[in-house]
Amino acid sequence: MNKKQKPRIMITGAAGALAQQVINRLREKYQIVAVDFRKQTYLSDDIPSYQINFNKRVFEDLFRKFEFEGVIHLGRITSSEETRMRRYNANVLGTQKLLELSHKYGIKKVIVLSTYHVYGANAYNPALIDETAPLKAAELTMDLIDSVELENLANIYLWKYRDLNITILRPCNIVGPGVQNTISSLLSSKHAPVLAGFSPIMQFIHIDDMADAIVLSYEKNKSGIYNVAPEDWVSYQEALERCGCARIPIPSIPPVLPRLIIKTLGLSIFPAFLLNYFKYPVVIDGRSFNKTFNYKAKRPLKEIFRFYREIKKNS
Amino acid sequence: MNLKSYLKEKLVSKELDTQLNKIEKPVGTLGYDPWGFNVETNKVVFSLFSGIYNQYFRVKTEGIENIPAKGPVLIIANHSGQLPIDGTLIGYALATRKNAPRMPRAMIERFFPTVPFLGNFLNQIGAVLGDPVNCAKMLENNEAVVVFPEGIRGSGKLYRDRYQLKRFGNGFMHLAMKYNATVVPVGVVGCEETIPAIANIKPLAKMLGVPYVPIALPIIFPAKVHLNFGKPMKFEGGDVSEEEVTRRVEQVKSVISDLIDKGLSERKRLF
């Protein structure tokens, strides 16, 4: 088959480890165009790569030039990277622009990567939260508003423009080689803070499994909102222990105290706005995704933790 | 290795280990379930608890075979004694029964998750935040769930109100009907005497954000506990009016009341 006949996909967040895994899985079958807000990444000669602000007019030129079949939107600026205002512009307004252009240029399939954080870490959370539960993250902290807003936007477009076939994925903690989010940094470090007396149940998905899930949801076109999480659970403190991290307890009550300590010490590894996620569990129910897409995560927790143990030995 | 495996090796007898291994639990590869129950912690706690159950409270059970071996079950009991001792005793009784043991889950008050150490500890031994979604998901998983429909109205009551049933919430009946769960009523006698409270300091409770602050001695009395399990009850689902639901709840409540009377009449002395 001629290269030019391959259907084209735009993948955002191309500088991230997850996007690169997804690209590796799709590049045989599709012509990939990699886009990133933050920096230009060289992937290979046959993958054009752009550093671009979605809010600039030149972004539309990509749609004109490549006639994409689909968009896989993985790019999101995380809270530690930028100011709240810039993040809002990039994540929320940027996504709106992306969806608007997708509609204008007749894109047939859109995947939006969200996060389980949108449910909010609340003391009264039931376990196995399903997709219809309200998104309570915004009431806890201003720093997660853009995650919730991004979801709301994607939701509006999901119902308004059915031909975009939007699939929103809300994964649990993505971890593994190359992942640079908060939880992965904690598992990688030799010492990790914990809130004394709190060890919420967490779910982890290996980056390779997550990439498989994204590819599957692109190829099996079933639009909708899905949690993505393996059917396996572990408490935060046991996860640290299994990764060979020494636990540093921080006094947890009254609730202002840990916040104060973190801010005073400038502990960027343990951001204050995510504090509640290390206090109360947010356990999501991934069974709907597993059933719809006939999916099962392959890498067990033990393998994930072994990876983090090994990197400590080698450093 | 770590503390948990050390304690397990030191404390858990072979007999208890085999008994608890007989119970099927939907846990993941590391022994946790979504609500935080942990197989290993539970074994350690149970082995520590066996003395408390057998020697301290000298629990006497009757009719425990009334709880079906399989399928969704709601174990409905009267609540008493300030701390969740009653739920733990019912759980231990059912997990150690000879035939078809089960590990029931107890629904606990909403403020427990906010208490450091205690909240996590209770989760690890099978207690779950008393939220209807949790209960529904567990019944879907064919679990046995202990529910105290009186909630804090029951556990926080004063000694002078002992063995008076407070208002029952209707939630459990709706879940029983929706998930076709068997209802097994239980009358708990003895827990009222474990922590007798003479008053509740409401302003302090409000300030601390806890449901009640009892004035009581800082000891748990070794009252003898009777657990009387009633006959299983089934309730048809479908389109049922709230009035009818309330009537069914009253029906369960009156059975529990009879079971309490039975326990009280069997009891020779308090301790």
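This section reports on the structure supplied with the text. Owing to the predicted nature of the structure, the values given are computational and were not obtained by experimental measurement.

### Describing the overall build of chain B
The number of helices and strands found in chain B is 10 helices and nine strands. For 271 residues, the compact-globule estimate of 2.2 N^0.38 gives 18 Å, and chain B sits close to it at 18 Å. For chain B, the spread of C-alpha atoms along the principal axes amounts to about 55 × 45 × 40 Å. Long-range pairs, those at least 24 residues apart, make up 78% of the contacts in chain B with a sequence separation of at least 6.

### What to know about the interface of chain B and chain A
It is common to give the size of an interface as the accessible area lost on bringing the parts into contact. The interface is formed by 20 residues belonging to chain B together with 24 residues belonging to chain A. Ranked by the residues each element gives to the side of chain B that touches chain A, the list is headed by helix α6 (residues 132–140) of chain B, at three residues. Here the residues of the side of chain B that touches chain A sort into nine nonpolar, seven polar and four charged.

### Here's the deal with unusual backbone geometry
Backbone phi values are negative for most residues with the exception of glycine, while trans is the configuration of most peptide bonds. All names here are of chain A. Cis geometry is adopted by the peptide bond preceding P254, which originates at I253 and carries an omega value of -10°. Looking at the element boundaries, P254 is found in the loop between β13 (246–250) and α9 (256–265). Located in the positive-phi region is N165, a residue other than glycine, with phi close to 50°. Relative to the helices and strands, N165 is located in the loop between α5 (145–160) and β6 (166–171).

### So, the environment of A192 of chain A
Residues and elements named next belong to chain A. Structurally, the position occupied by A192 is in strand β8 (residues 191–195). Judged by the 23 C-beta atoms lying within 10 Å of it, A192 falls in the buried class. A C-alpha to C-alpha distance of 13 Å links A192 and Y308, two positions 116 residues apart in sequence. If we skip the residues at most four places from it in the chain, A192 touches L186, L240, C245, R247 and I248.

### Overview of the pairing of β6 of chain A
All names here are of chain A. Taking burial as the measure, the six residues of β6 include six buried ones, the bulk of the element. With burial as the criterion, each face of β6 is covered, one bearing I166, I168 and R170 and the other bearing T167, L169 and P171. Summarising the sheet, strand β5 (residues 109–113) and β6 pair through four bridges and their orientation is parallel. From the neighbouring strand, L113 faces β6, where its bridge partner is L169. The pairing of β6 with strand β11 (residues 224–228) spans five bridges and is classified as parallel. When the sheet's bridge partners are listed, R170 is paired in β11 with N227.

### Description of the packing of helix α3 (residues 84–104) of chain A against α5 of chain A
Think of two packed helices as two axes; the pair is described by the angle between the axes and how far apart they sit. Residue and element names in this part refer to chain A. Two elements in contact, α3 and α5, have axes separated by 9 Å at closest approach and are oriented at 10°. On the basis of their axis angle, the class for α3 and α5 is roughly parallel. Between α3 and α5, the contacting residues are R87, Y88, N91, V92, T95, Q96 and L99 on the first element and D146, E149, L150, L153, A154 and Y157 on the second. A breakdown of the residues in the contact of α3 with α5 according to their chemical character gives seven nonpolar, three polar and three charged.

### Overview of the sheet that holds strand β3 (residues 49–51) of chain A
Residue and element names in this part refer to chain A. Pairing is parallel in the open sheet, where seven strands are placed in the order β3-β2-β1-β4-β5-β6-β11. One side of each edge strand has no neighbouring strand; the edge strands of this open sheet are β3 and β11. Here the average twist between neighbouring strands, direction ignored, is 15°. Where strand β1 (residues 8–12) meets strand β2 (residues 31–36), five bridges bridge the pair, whose relative direction is parallel. When the sheet's bridge partners are listed, I9 is paired in β2 with I32. Against the sheet, helix α1 (residues 17–26) engages β1, β2 and β4 (70–73), with an angle of about 165° to β1.

### A word on the nonpolar core
Counting 152 residues, the largest nonpolar core has I11 and V22 of chain A together with L74, I75, I76, V145 and V186 of chain B as the members making the most contacts within it. By residue number, the principal contributor to this core is helix α4 (residues 85–95) of chain B, which donates seven residues. For I76 of chain B, the contacting residues outside a window of four places in its chain are V147, P149, F172, V183, P185, V186, V252 and I256 of chain B.

How each quantity is defined
- Residues numbered from 1 in each chain as written.
- Chains lettered and ligands numbered in written order.
- Predicted model: local features only at pLDDT ≥ 70, side-chain atom pairs only at ≥ 80, totals over all residues.
- Helix = DSSP H or I, 4+ residues; strand = E, 2+ residues; numbered from the N terminus.
- Rg over C-alpha atoms; globule rule 2.2 N^0.38 Å.
- Contact = placed C-beta atoms within 7 Å.
- Nonpolar A, V, L, I, M, F, W, Y, C, P; charged D, E, K, R; others polar.
- Buried ≥ 20, exposed ≤ 12 C-beta atoms within 10 Å, placed from the backbone.
- Pairing = 2+ DSSP bridges.
- Axes fitted to C-alpha atoms, helices over the stretch in contact; angles between N-to-C directions.
- Parallel < 35°, antiparallel > 145°, perpendicular 65-115°, else oblique.
- Core = buried A, V, L, I, M, F, W, Y, C linked by C-beta atoms within 7 Å.

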